Structures are given as structure tokens and as C-alpha cells.
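# Breakdown of the fold
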Amino acid sequence: MSDEPKPQQPARGRAPRRPRAADAPRDEAGGAPRRTGRRRLVPTWRTTLGTFLVVALLTVGGFFLGYHLVGIPAANALATQQANVYLYADGTVIARDGEVNRENVTLDRISEDARHAVLAAEDRDFYTESAIDPQAMVRAAWNTATGKGKQSGSTITQQYVKNYYLRQEQTVTRKVKEFFISIKLDREQSKDQILQGYLNTSFFGRGAYGIQAAAHAYYGMDAAELDAGRAAYLAALVNAPSQYDVVTHPENRDAVEDRWNYVLDGMVDEGWLDPSERAGMKFPMPKRTTLPTGLSGQRGYIVNVVKDQLIRDGIVDEASLDAGGYRITTTLHKDKQDAFVDAVDDHLMDRLDGRSRKVDTYVRAGGASIDPGTGKVVAMYNGIDYVKQYTPNATRRDFQVGSAFKPFVFTSAVENGSRTQDGRPITPNTVYDGTSERPVQGWSGHYAPENEDHRDYGDITVREATDKSVNAVYAQMAVDVGPDEVRETAIDLGLSEHTPSLDDAGPSIALGVATASVLDMAEAYATLANHGEHGAYTMIEKVTRGTRTVELPERRTRQAVSRQAADTTTSILRSVVQSGTATAAQSAGRPAAGKTGTAEEDTAAWFAGYTPDLATVVAVMGQDPVTAGHKSLYGAMGLSRVNGGGAPAEIWGQYTREALAGEPVRAFDLRLQPGAWVTRPPADAGGTGPASDGPGQDTGGRTPGGTGEQPAESRTDEGGEGGEGGEDGADGTADGTGDATGGGTTEDTGVTGDGTGDEGTDGGPDGGGRTDDGDTPRGDSNGDDAPGRTGPADAISRHPRRD
């Protein structure tokens, strides 16, 4: 056998292979040669197809997964917060409260121009396209990436979703949620609903969320009143609210006008604005100062007082009110509110000098004005500024009302048919002993109040005792009537039964130790002005929330006291204004009735008065701004003391004149108690004796000259009881030379009539303020102004009040 190798035979069925080059690369498995060079960068068709299928599957799967996983969430807290809007009776805004200045309105309360302007600015295809715009999103991303400015590329639906359901952060997660929620929302809500939501949630600058708040912030009007020019400016603001306010940033005016023109041109392109109208438009400069919506000035006081009534009367609960969204129309009249502030400034605040007189820093003022016929509060004064003096002075109950309470004692006497200790009926001409510090008769304890300056008046009629505010007379009258009956009458007239110091006051109740609020006193005096018919005051005309109107409680009225009791009280309060302590109130230029009052130690001075059309109470109070303790007002405004006949009556007169300007002058229509004009002296003074209703000496019904005589056959308007004189001494002449014949009707003829004086009693504005005995009146026994004095410097008394 040979040792040489034998040649190999090729395998059957297989062709011989060419030898592989030594440097040819192969894959590890020994497969096909790998691609080299540029060919490696080109994917194979298999790779391309596989990648496309994977991406498509992931995209479709991710979309469906995201669509099902991302639901429409609840609205975010900021989007649902609204302000409560408080309005004057004429619809103008008083204030908005709440952390967010927003008032949601329905689409029909937004002008068509405003809707079109926003669409032109933000999304012109809103009604025809889907909720998302991929092209706009890509374009916005490209512009942002290339430095052309940060743009959102979002449709109105996407922006609404961001505002209402999500937050403002720029994150991928938020954008993904926005995408899916927008698609879902577009399927579940109409385009109108989405646009309405967008317009109510967009931020326009100046703290205004929503187009309604923006319309007020920039132009002082409702969104329904916006024209194309103003609407285009507000629409432009959405793009850059802080920078496009041309009042704050005048340097951006050119950029703002470019954006404004862009919006208007878009409205023309879409057929929403006539080209001829567009051609004549000028840029509508927003107001530098619009109606403030904060709580400074009187606004904060009003908001809080109205809130209290809403909650107290069960109209809106506190939690709902805090949530906001209510539109509350009050009964307040803007012109009357402004007149009240002006009157306080003119006769009080402008006279203060806190740098020179520390006492002037104690001065506070409160006021309230009510329409007697409706019970509506038409104006209210609470302090110089809510953000400086928080406590509302019109509703606080911590200052004594002083002699302003005395009319309630007399009203109670007439209402209850009360008699003096010796049995005489109590009427305006009933004679009392006005000796200072005379012990009150018929009272178990010892009570002997002193008159101002220890003045002794001797025998004096109730009418004159009211003019001079004689403590001795009214303390005795309170006992004659009964303190409990007096209290009940005061509550019936309008004082709260929870008024401090109203219970168990004894005879001192007549001197006004109770601390009623200004608003309570105004309600009580309004009842007198309304002939004894009482209805609780209200400050709320209408309440709505969205499209829902909140039901208000029915206002009920009742005859709190008889008409004769109320009207007879009015007759003696007329005299206080004509010839008593409140002659400064004559500046109102109308028939008026009222009563002054001063609290102990001169810590407060009051004037409560009314015309047939308006009942208004003004109080000046003393309070330490640091400790909040009550302070005497001796020396305030440079005067020895502050009296009800001074600043309070002066404020009342100016306010009433301005508040009723243009209204016809109305006279009082009074029906007096039987025997109102019969003088009833004590038995030992030549009268008819105890318990007698005989004629006595009739000195009532006199004209200013004092010689008119009232007939015995006097009658009431109702034609019933006789024995009472006419309120004005019906047929007496202006100088008192005629006889008061003509039936002695109790209907007040006011300043016209038959030539009588306005009151026809013992004095009047043109009667020289004559008293029954022909002497000049001697001033208020409680430190109020002497009659005939009108200037502030004349409201001075040398002695402290001891009322």
C-alpha cells in the first residue's frame, strides 16, 4: 500500500465551492457577509417594515390606552372660585369679594363682538375643526425651537382644558393629559359650552379672570356691552396679559395695537365685522381708573353688612357664600350713598385735625337711611375706610343713644293710653314738673335725674320738654307708662330685643341708656314716619347665581303702633326741628321731624330724623383707635363738646337735601290722638283735676305769631274722634293773626296750605322760635344745640352731659 495521500472525491450532488478570500468578513454564525461602508447606514426593507409596524402598533396602542386611562377630572380649585358681586340698585358694581376676581356668565351675556374677537385672536376654526390641531402644535414647537418665540399651538378647547381641569406648568405629563382630555371633552360638550367655559376661565390681567371681570376691570361695563373695538383689545390681552396693559406699560403700545389690528382684521376676514365699520375704528384706550372692586372705602363695610343679612335671614348659607358666584343686588342707591359720604366729609371729617388735637383721632361716624314706605336701606355710612377702621359704625351696638330714645317713651304713652300719676292723659300739651333732680314719683327706688346745667324748668308741656330734652319730664313719663311697656314699644318700632341695656333699665330707659345700632334706630324712626306701620329693613333687592334666582323671604309688615300714636309723636318731633335742639336740620329744606341725643360723658352724639320720604340717623362716636375703648369727644373739632344738634344734624340736613334733590316736597299727613291740643296742667295748677279729659286750656295749634286759636270741634281725618286740633292750625295766617277755623283737620298742610306755619305750634323757622311764654328757647337740657343756632361753633356747652 502506498503512503501517499489519495485525492478526495467530491460529494455527490454538490458542486465544488470557490475558495473564500482570506479577508472577507463573515458574521459569527458563518452566514452572509456583513454590509460595509455606506451600505451599513441604509436599513433593509425588512428593518424598515418591522420598525414601522412596531411604531404603529405602539402609537395606536398608546392612544387607546391613554384615551381610556385619562379621564376628564374634576375642575381645579382655581377655576371654580368666583367672586361674589355686590351691586347698587341700578346695577352698577359696588364691590367684588373673594380671592379670585371672577364672575361666570352665560354665553348670551357676552356680546357677539366679544365672542368673535376672541375666536379671531385664538382659534378662527374653532367651530369647524377638531379639539386639537396637530399642524399648529408642530408649527408652535418649531417656532419655539428656532427662537421665534414661545407659542402654545393650542386650540381654544386645549386652552380651556388647561385652565379649567389642569394646572399651568409646562410638563410633558400635563401636555399629554391636555391632549386626551381635549378629545374627550370635544365629544361630550358642545362648542358653545366649551367657548363659554374658556371665556370664563381665561386670565386678562388686572387680577381679572373671565371676560366679565375683565370688561369691568378695563372699561367699567358688563361683557354684554362690549363693542368690537373694546372686545378686540380684551382678546389681545389673552396673549400677554401683563405686558399688553397699555396703561401700565405704555411702552408696549405699538405691539398692542398690532395685535389689536390683527384681531380686527381676522374678524373682517371671517365675515364677523363689516369692513366699513373696521375702517373707522380707533384704538379704545382702557380707563386708567375703573370702578374699584376691592373692599376699601365704604365697600368693605357694605359687603360685610349684606353678607350678615344673607346668612341671618337664611337666604344663602355661609359655605355657599364662601364658594362665590353670587350676584347680589342691594337696595342702596349710588347717588344717595355718595351724598352721605360727602355730607360726613363736609361737616365732620374735614374739620378734624388729628395732629393738633388728639381727641380728633377718636372721632367715628355712622349713618343709615331708610325709605319708610318700603323698608329699603338706600344709603349707609360706616367709617372712613374699611381697611383702616374695620368695625361698621352703622351696625355696632355699644354706644348709648341718649335722648334720641325719648320719642319711643311718648309713643308708648299714647299707644297705651297712659296717664300721669294724678290721672291726666299724656298728650303733647300735658304739663309736667321739669324741676332738675326731682325724685320720680311712683317708682319703688329712688331716681332723680338732673337736667343739663341743673336747669329747672318748672311746669312745662311735653312738647316743650321734648324741644329742650328735659330729663326730669321723660324719666317721670317712663314710670307713668311703665318701663316694660316702653321697652315693648321700642322693640315693636324696630329696635332689636337683644339691644344691650334695654332690659331692666327702669326710669333711666327714657334717657337712652340702651345701646342700639344706628341701623336699628333708623328702622324705628322709619316706622314713625310710616304712620306706625313696621317692616324689617332690608338691604337686598335680588340674588342670582348663574341662571338661578335665589328666592328672598317675603317682607311682612304690621301695624306696630297705632297711626295716632306714631303721628302724634311726629307732631312733637316737628317742633324739635323748627324751634328745638335740631334747627340745623332745617337745611334739608323740607318738612322734617327728629330728635337729638347725646350719650353720657359725650361719647356719642346723635340726630335721628325723617321726612315723609326718608328716615335717616346719624351718630358721631368717640373710640380710641388703639384700645377700642369709648372716648369722650370734649374738644373735638375745636369745640367744647359735640352735640346732636351740631355735626349730626348738619350732616343729616345736607344729606337729606341732596338725597331728595329733584323729588317733590311732601308734607306730613298726620292724624293725632284725641285731645292732642288740649293743655292739661296738674290739678293744683287750675286744671280740670285728675283723670279729667275736659277741655282745659288749649294753647296748641298756634301759628308762628302765636295768636291762632284752635276750635273745640276739631276732628281727625278719619272723621271720628273730636277734641283735637289741626296739625298746622289749618286756617291761621302766617303771622298768627287768623283763627284756626276750618275744621281743625289733623292733615298736615306742610309748607303750603292756608298760610300757616309749617307746624302751627309754638314756633317755626320763620316764627322766631317762640316758646309758650314768649321767651326765646333756652337750649337743650342734654347739651344739644340751642335752637336757632346752626354753626358748629355754636354747639358749645360748658358743662358735661349727665343725661
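In this report, the structure presented in the accompanying data block is examined. Only a predicted model underlies this, so the values are computations on that prediction, with no experimental measurement involved. Per chain, residue numbering runs from 1 following the sequence as it is written. The predicted nature of this model means local features are confined to residues of pLDDT at least 70 and side-chain atom pairs, given and counted, to a pLDDT of 80 or more, with totals for whole chains, interfaces and linings taken over all residues. Each side-chain value is worked out from all heavy atoms of the structure, with water and hydrogens disregarded.

## Remarks on the overall build of the protein
Broken down by element type, the protein carries 21 helices and 16 strands. Taking all 803 residues of the protein together, the buried fraction comes to 54%. Contact criterion: two residues are considered in contact whenever any of their non-hydrogen atoms come within 4.5 Å of each other. The long-range fraction of contacts in the protein, counting pairs at least 24 apart against all pairs at least 6 apart in sequence, stands at 71%. Just so you have it, the protein exposes about 35500 Å², and 49% of that area is on carbon and sulfur atoms. Numbering of helices and strands runs from the N terminus; a helix is a DSSP stretch of H or I covering at least four residues, while a strand is a stretch of E covering at least two. Per-residue accessibility, obtained with a 1.4 Å probe over protein chains only, is compared with the maximum for each type, and a residue is labelled buried under 20%, exposed over 50%, and partly exposed between these values. The Shrake-Rupley method, run with a 1.4 Å probe, gives the accessible areas here. Residue values count only the displayed protein chains as cover.

## Overview of the sheet that holds strand β2 (residues 93-97)
Strands sit in the order β2-β1-β5-β11-β12 across an open sheet of five strands; the sheet is mixed. Because the sheet does not close on itself, it has two edges, and the strands there are β2 and β12 (548-549). Here helix α12 (residues 299-312) sits on the sheet in contact with β1 (84-87), β2, β5 (326-330) and β11 (540-545), set at roughly 75° to β2. Should DSSP find at least two bridges between two strands, the strands are regarded as paired. Every angle, taken between N-to-C directions, lies between 0 and 180 degrees, and every axis is a line fitted to C-alpha atoms, over only the stretch in contact when it is a helix.

## Observations regarding the packing of aromatic side chains
Pairing of aromatic side chains here covers Phe, Tyr and the six-membered ring of Trp, requires ring centres within 6.5 Å, and sorts the geometry by plane angle: under 30 degrees stacked, over 60 edge-to-face, intermediate tilted. Per the counting criterion, the structure on display carries 15 aromatic pairs. Look at Tyr525 and Tyr610: their rings are 6.2 Å apart centre to centre, the planes differ by 65°, and that puts the pair in the edge-to-face class. Of this pair, Tyr525 sits in helix α19 (residues 518-529) while Tyr610 sits in strand β15 (residues 604-610), and the two are 85 residues apart along the sequence. The burial state of Tyr525 is the same as that of Tyr610; both residues are buried. Aromatic pair Tyr610 and Phe668: ring centres 6.0 Å apart, planes at 80°, arrangement edge-to-face. Linking Tyr610 in strand β15 with Phe668 in the segment after α21 (647-659), this pair joins segments that are 58 residues apart in sequence. Assigned by exposure class, Tyr610 and Phe668 land together as buried. Members of the aromatic cluster, connected to one another through ring pairs, are Tyr218, Tyr219, Tyr233, Trp260 and Phe283.

## Digging into the pairing of strand β6 (residues 363-370)
Within β6, eight of the eight residues are buried, which leaves the element mostly enclosed by the surrounding structure. Alternating positions in β6 separate into two faces, Val363, Ala365, Gly367 and Ser369 on one and Arg364, Gly366, Ala368 and Ile370 on the other, with burial throughout. In terms of strand pairing, β6 meets strand β16 (residues 615-622) through eight bridges, oriented antiparallel. Counted as the bridge partner of Gly366 is Ala619 from β16. Bridge count between β6 and strand β7 (residues 377-381): four bridges; the pairing is antiparallel. Across the sheet, Ala368 pairs through a bridge with Met380, a residue of β7. The antiparallel pairing of β6 with β7 creates a hairpin that spans six residues between the two strands, and Gly375 there sits at a positive phi of about 75°.

## Section: the side chain of Arg102
By the secondary structure assignment, Arg102 is in strand β3 (residues 101-102). Accessibility expressed as a relative area gives 1% for Arg102, which makes it buried. In protein, a polar contact requires one atom able to donate a hydrogen and another able to accept it; more generally it is a pair of N or O atoms within 3.5 Å, and residues adjacent in sequence count only if both atoms are side-chain atoms. Engagement of the side chain of Arg102 in a polar contact is seen with the backbone oxygen of Asn200, the distance being 3.1 Å.

## Quick notes on the nonpolar core
General note: in soluble globular proteins, nonpolar side chains tend to be found buried as a group. Take the buried residues of types Ala, Val, Leu, Ile, Met, Phe, Trp, Tyr and Cys, join any two whose side-chain atoms come within 4.5 Å, and each joined set is a nonpolar core. Counting 129 residues, the largest nonpolar core has Leu348, Phe405, Met477 and Met521 as the members making the most contacts within it. Examining the composition of this core, we find that nine residues originate from one element, α19, more than from any other. Counting residues in each nonpolar core, the second largest holds 47 residues, with Ile194, Met221, Ala232 and Phe283 among its members.

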